[in-house]
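# Results of the structural survey
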Amino acid sequence: LDEILVVPGVRAAFVCDADGGVVAMSFAGAIDKETLANAGRVLSRTLAGLATRGPAAELQFVYPAGRLIVRNLEAGCLAVLCAARINPALLDLTVGPMVEPLQQRLREAAARSSSADRLEALQRLVSDVLGKQAAKPLEILQQAGDSPAGLVKATREIERFTRLFVDKEKAA
C-alpha cells in the first residue's frame, strides 16, 4: 500500500475485509485507529447494501477537504483518502495492478477464517448440547481439523457416538 502514497495528493490507504476489519494500512502522518476501524465497518456495510442492487466497482465521497475513493475487492475493499483535486488517472495506474493480488489475499483470508469459524461454531454447539458428555465429541472435532470434508466426517462420527453412548437425561 505504500506505493499508493507516492501518488501526489494521497494521504492514506487501507484495506478492509468483508466485515470491515482493517487488514492493511499505510498513512502519511498520524491517524486514529478506532476511527479507521469505524470507517472500515461503514464502508463494508455500504458496499454490502449496494450489492443488493448490483455490484459497485468504486465509490467516491467528495468533501471540501478531500476525497475518499473506495474500490470494491469482492471480499473487502481498498480505501484511499486523498486531496479533493487528485489526478484520478494517475491513481488508477497505481491502484489497478494491486487489485487482483489484494482480492486473492482477501479471498484466502476469508476462506481460512470461515473454516475456523465453522469449527468454533460446531465446538460451541457440541458443548452446549452435550454438556458434561461433550469431551469425546470435542476430541473428534479437534482431530478433524477445520476443512469442510473433515468437519462433515467428524459430525457423522459424533452423531453415531451420541446415539450409542450419550444419555439424553444427562446431556446439557
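Report on the accompanying structure. (Residues numbered from 1 in each chain as written. Predicted model: local features only at pLDDT ≥ 70, side-chain atom pairs only at ≥ 80, totals over all residues. Heavy atoms only, no water.)

### A few points about the pairing of strand E3 (residues 58-63)
- By the bridge criterion, 6 bridges tie E3 to strand E4 (residues 66-72) in an arrangement that is antiparallel. In the sheet register, Tyr63 faces E4, and the bridge partner there is Gly66.
- What sits between E3 and E4 in their antiparallel hairpin is a turn of 2 residues. (Pairing = 2+ DSSP bridges. Helix = DSSP H or I, 4+ residues; strand = E, 2+ residues; numbered from the N terminus.)

### Brief notes about the environment of Val15
- Tracing the backbone shows Val15 in strand E1 (residues 10-17).
- Taking relative accessible area as the criterion, Val15 reaches 1% and is therefore assigned buried.
- Placed 10 residues apart in sequence, Val15 and Met25 show a C-alpha to C-alpha distance of 6.3 Å.
- Setting aside residues up to four positions removed in sequence, Val15 forms contacts with Leu1, Gly21, Val22, Val23, Ala24, Leu73, Cys77, Leu78, Leu102 and Leu106. (Buried < 20%, exposed > 50% of the residue type's maximum accessible area, 1.4 Å probe, protein only. Contact = heavy atoms within 4.5 Å.)

### Comments concerning the sheet that holds strand E5 (residues 76-82)
- Taken together, 5 strands build an open sheet; the order of strands is E2-E1-E5-E4-E3 and the sheet is antiparallel. At either end of the open sheet lies a strand with only one pairing partner, and these are strand E2 (22-27) and E3. Pairwise comparison of adjacent strand axes, ignoring direction, gives a mean angle of 10° for this sheet.
- Taken together, the 5 bridges between E1 and E2 define a ladder with antiparallel strand orientation. Bridge assignment links Ala13 to a residue of E2, and that residue is Ser26.
- Packed on one face of the sheet, helix H1 (residues 33-51) meets E1, E2, E3, E4 and E5 and runs near 60° to E1. (Axes fitted to C-alpha atoms, helices over the stretch in contact; angles between N-to-C directions.)

### Structural notes on helix H3 (residues 135-144)
- The complete set of buried residues in H3 reads Pro137, Ile140 and Leu141. Summarising the axial view, the buried residues of H3 lie within an arc of 95°, below the 170-degree limit, and thus occupy one face. Structural note: H3 exposes Ala135, Gln142 and Gln143 on the side pointing more than 90 degrees away from its buried face.
- Remark: Gly145 follows H3 within two positions and exhibits a positive phi of approximately 80°. (Arc of directions from axis to C-beta.)

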